[in-house]
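Residues per chain, in single letters:
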Amino acid sequence: MGHWFPFDADALSQFLGDPLMLEENQQCEFSQRRNQVDDFDEEAIAQLLCIPRQDCAQTVERRRVRIMHTNMTTLTQIWMTLLLNNVLPSDHNSDLPLLKCQLVYAILTRISAHVAQVIADATYLFAGMSPTRHPLNPEKSNRALGFPALITSLC
């Protein structure tokens, strides 16, 4: 028989020991910036997270989309590994999409971030994704298991 485990931002915040206390309807600085039209300065992100003389991978229109692992500083690589394995699960760890770069930038510049809300949002997004099939064996899913440590701890 199944058991229900809440995984909304409030439940996760309580589980994490309430690392950031916010008033009712108050947003952390990270969320406030993400909700603005000109949220994060992409040039500043690239300068902080990339090794000297490197930049984000760009589209043909010169829009920054991700930072490749080989272009990251060591500190960025460490934070990327931590985040992609514990906070924002990913199928691969060879690069960091710009939206996830924003969280690393926020951490390194001490911008407040409600980690429980970030995890809750990622959980809802991850749970709603349709599974992809393994290229060699269509019977198997190619999707990574999101938040295995969190799921185990909540159970």
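Keep in mind that this is a model prediction, so the values were computed, not measured.

Q: Help me out: how do you make sense of the pairing of strand β2 (residues 64-68) in this one?
A: Within a regular strand, side chains alternate between the sheet's two faces. Direction of pairing for strand β1 (residues 57-58) relative to β2: antiparallel, over a ladder of two bridges. When the bridges of β2 are listed, Gln-58 appears paired with Arg-64. What sits between the antiparallel neighbours β1 and β2 is a turn of five residues, in which Arg-62 has the positive phi angle 70°. Examined bridge by bridge, β2 and strand β3 (residues 95-97) share three bridges and lie antiparallel to one another.

Q: Looking at this model, I keep getting lost on the environment of Ser-31. Mind explaining?
A: Following the sequence through the fold, Ser-31 ends up in helix α2 (residues 29-34). Residue class for Ser-31 comes out buried when judged on its relative accessible area of 19%. Spatially, the C-alpha atom of Ser-31 lies 9.9 Å from that of Leu-103, the residues being 72 residues apart in sequence.

Q: I keep staring at unusual backbone geometry and nothing clicks. Help me out?
A: Leave glycine aside and you will find that most residues have negative phi; peptide bonds, for their part, are mostly trans. Positive phi, normally seen in glycine, also occurs at Arg-62, with a value near 70°. The residue Arg-62 is located in the loop between β1 and β2 in this model. For Arg-62, a relative accessible area of 63% gives the class exposed. Even without glycine at this site, Arg-110 takes up a positive phi of about 60°.

Q: How do you make sense of the packing of aromatic side chains when you look at a structure like this?
A: Given two aromatic rings, one states the distance between the centres and the angle between the planes to describe the pair. Summed over the entire model, instances satisfying the criterion amount to two aromatic pairs. Note on Phe-40 and Tyr-105: the rings are 6.1 Å apart at their centroids and 90° apart in plane angle, and the pair reads as edge-to-face. Taken together, the residues Phe-40 in the loop between α2 and α3 (42-49) and Tyr-105 in helix α5 (residues 98-108) connect sequence positions 65 residues apart. The buried category is assigned to Tyr-105, whose relative accessible area is 13%. Put simply, the rings of Phe-30, Phe-40 and Tyr-105 touch in pairs and so form one group of aromatic residues.

Calculation criteria
- Residues numbered from 1 in each chain as written.
- Predicted model: local features only at pLDDT ≥ 70, side-chain atom pairs only at ≥ 80, totals over all residues.
- Heavy atoms only, no water.
- Pairing = 2+ DSSP bridges.
- Helix = DSSP H or I, 4+ residues; strand = E, 2+ residues; numbered from the N terminus.
- Buried < 20%, exposed > 50% of the residue type's maximum accessible area, 1.4 Å probe, protein only.
- Phe/Tyr/Trp six-rings, centres within 6.5 Å; stacked < 30°, edge-to-face > 60°.

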